[in-house]
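# Observations on the model geometry
Here are the chains, one letter per residue:
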Amino acid sequence: MDNHVTFQELGIASQLVERLAALSITTPTTVQQQAIPPLSQGSSLVFQSETGTGKTLAYLLPLLQQIDESIQQIQLLIVAPTHELASQIKSQIQLVTDIPAVLLIGGAPIKRQVEMLKKKPLIAVGGAARLMELVYLKKLKVHQVKAIVLDEADRLLAPELRDDTTALCQALPAEVQLAACSATINGKTEKIIQSLVRRQQDEGELEKRILPPEDILQKKITHIAIYSETRDKVDTLRRLLVAEMEAANKEQPLKAMVFTARPADVDIILSKLTYKKMQCSALHAKQDKVKRKQALDQFRKGSCPVLITSDLAARGLDIPDVTHIIQLDMPSNMDFFVHRAGRTGRNGRSGLNIVIGDGYEMRQLAAAEKKLHLVVYPKVLYKGKLVAPEQEP
């Protein structure tokens, strides 16, 4: 794509361009150049682009311009699979526009959300289940909705979330525009999206933009394998964190996300590390909303250098300056490996993706290395440093 294309040339209004410039965003990314024109023309669109490439603004900028502020009703719905991603999207909306938006997520008091809807917001961001609940209660009126966005569409259309997502789409006006995006969209997800568009738009067609990878996983992220028996993993993790903290500098202090597929293990890992005087926090789905926000805020600000999390935080979250991703297992779904790793190496920076695994997981990592065209470097911890195996005596 042409790196010299401007937001103005893509048809973005001057007031939005000025807000972007104030955020030091002056040149549209490749995915923004691809997605903004069809969305501006009212087409339904599914688009795939690597993590950290600017997908949120790719749909926000054209869809914000379609909102008629003289109509005091919800006109844009944005659906996200987690509270954290929904909150991040709402924050990004508030950075680029003064159009009122409301956050509607489960786990928060529904009465308070009903009160917020009485203030006539024009944009609603939230989870499919809570949005649908408010529609059933006739508190969220959707007859003026012009567009719906499925952010992390593959997750929203996975079996556990699909019913609420499709029910919400079916509750909208027939002519509604649909945008769906993710870093990983497979053929099955695309077919479901196409069926939703046809149902909504009387055989309407779905445009598609699948961007070639920018090789962020290969070029910006160094992949490392550390062998460890399962029983030793937390101690290996502790030793690794100590070594990397000592190796870090003031210009780029350690900022590490530690992933485990089992939410129940998050608090166990946290307690073992805090017992060893490690400064860290935890994030998983069974926490209440306040604790989740507190943990994420502390990590974002850098006041807590280590965040231990389930795959809740693997998707969509844009946390600046993450230096290390540490995976304590190999996820069963390769997409989760990609989404986890993609929390680092963002906005032109480099990062480390480290897998601590047993023999079985090392074989899984080798399969991922081949499929994703990565180079994985085996390392060991020796005398407080991360070194190549041949450097051991």
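Within each chain, residue numbers correspond to sequence positions counted from 1 in written order. Since the coordinates come from a predicted model, pLDDT governs what is reported: local features require at least 70, and pairs of side-chain atoms require 80 or more to be given and counted, while whole-chain, interface and lining totals use all residues. Each side-chain value is derived from all of the structure's non-hydrogen atoms; neither hydrogens nor water enter the calculation.

Turning to the pattern of salt bridges, a few remarks are in order. When a carboxyl oxygen of Asp or Glu is within 4 Å of a side-chain nitrogen of Lys or Arg, the pair counts as a salt bridge. Going through the model one piece at a time under the given rule, you end up with 15 salt bridges. Residue Glu115 pairs with Lys118 through a salt bridge whose shortest N-O separation is 3.0 Å. Classification of Glu115 by relative accessible area gives partly exposed; the value is 43%. Its relative accessible area of 55% is what places Lys118 among the exposed residues. Two residues, Arg262 and Asp329, come together in a salt bridge whose shortest N-O distance is 3.9 Å. In this pair, Arg262 sits in the loop between β9 (256–259) and α12 (263–275) while Asp329 sits in the loop between β12 (324–327) and α14 (334–341), placing the two residues 67 residues apart along the sequence. For Asp329, a relative accessible area of 2% gives the class buried. Here the residues in one salt-bridge network are Arg262, Asp265, Asp311, Asp329 and Arg340, joined through shared partners. Working definition: with a 1.4 Å probe on protein chains only, accessible area under 20% of the residue-type maximum means buried, over 50% means exposed, and in between means partly exposed. Numbering of helices and strands runs from the N terminus; a helix is a DSSP stretch of H or I covering at least four residues, while a strand is a stretch of E covering at least two.

Turning our eyes to something else, we now look at unusual backbone geometry. In this structure, Glu152 is a non-glycine residue whose phi angle is positive, near 60°. For Glu152, the position within the fold is in the loop between β5 (147–151) and α7 (153–156).

With that settled, the discussion passes to the packing of aromatic side chains. Aromatic rings from Phe, Tyr and Trp, taking only the six-membered ring of Trp, are treated as a pair when their centres fall within 6.5 Å; an angle between ring planes under 30 degrees marks them as stacked, one over 60 as edge-to-face, and anything in between as tilted. The full count for this structure, using the stated rule, is 0 aromatic pairs. For the cation-ring pair, Lys255 lies above Phe299, with the distance from its terminal atom to the ring centre recorded as 5.6 Å. A ring is considered to have a charge above it if a Lys NZ or an Arg CZ atom is located within 6 Å of its centre and within 35 degrees of its normal.

So, on to the environment of Gln73. Mapped onto the elements, Gln73 comes out in the loop between α3 (55–64) and β2 (76–79). Under the relative-accessibility criterion, Gln73 is labelled partly exposed at 22%. When the C-alpha positions of Gln73 and Lys118 are compared, they lie 9.9 Å apart, and in sequence the two are 45 residues distant. Whether two residues touch is decided by their heavy atoms; if any such pair falls within 4.5 Å, the residues are in contact. Residues contacting Gln73, with those up to four places away along its chain left out, are Pro121, Leu122, Lys141, His143 and Gln144.

So, on to the sheet that holds strand β1 (residues 44–48). The pairing criterion for strands is at least two bridges between them, as found by DSSP. The parallel open sheet is built from 7 strands, whose spatial order is β3-β4-β2-β5-β6-β1-β7. Looking at the sheet topology across the chains shown, the edges are occupied by β3 (101–104) and β7 (206–210). This sheet shows a mean twist of 15° between the axes of neighbouring strands, independent of strand direction. Summarising the sheet, β5 and strand β6 (residues 177–182) pair through 5 bridges and their orientation is parallel. The residue bridging Asp151 from the neighbouring strand is Cys181, located in β6. To obtain each axis, a line is fitted to C-alpha atoms, and for helices this fit is confined to the stretch in contact; angles are then taken between N-to-C directions over 0 to 180 degrees. Contacting β2, β3 and β4 (123–126), helix α6 (residues 128–136) runs over the sheet at an angle of about 140° to β2. In the packing of helix α8 (residues 159–170) onto the sheet, the strands contacted are β2, β5 and β6, and the crossing angle to β5 comes to about 165°.

Our next topic: the pairing of β9. Burial along β9 is two-sided: the residues Ala256 and Val258 and Met257 and Phe259 are all buried. As paired strands, β9 and strand β11 (residues 306–309) are joined by 4 bridges and run parallel to one another. If you follow Val258 over to β11, its bridge partner there is Ile308. By the bridge criterion, 4 bridges tie β9 to β12 in an arrangement that is parallel.

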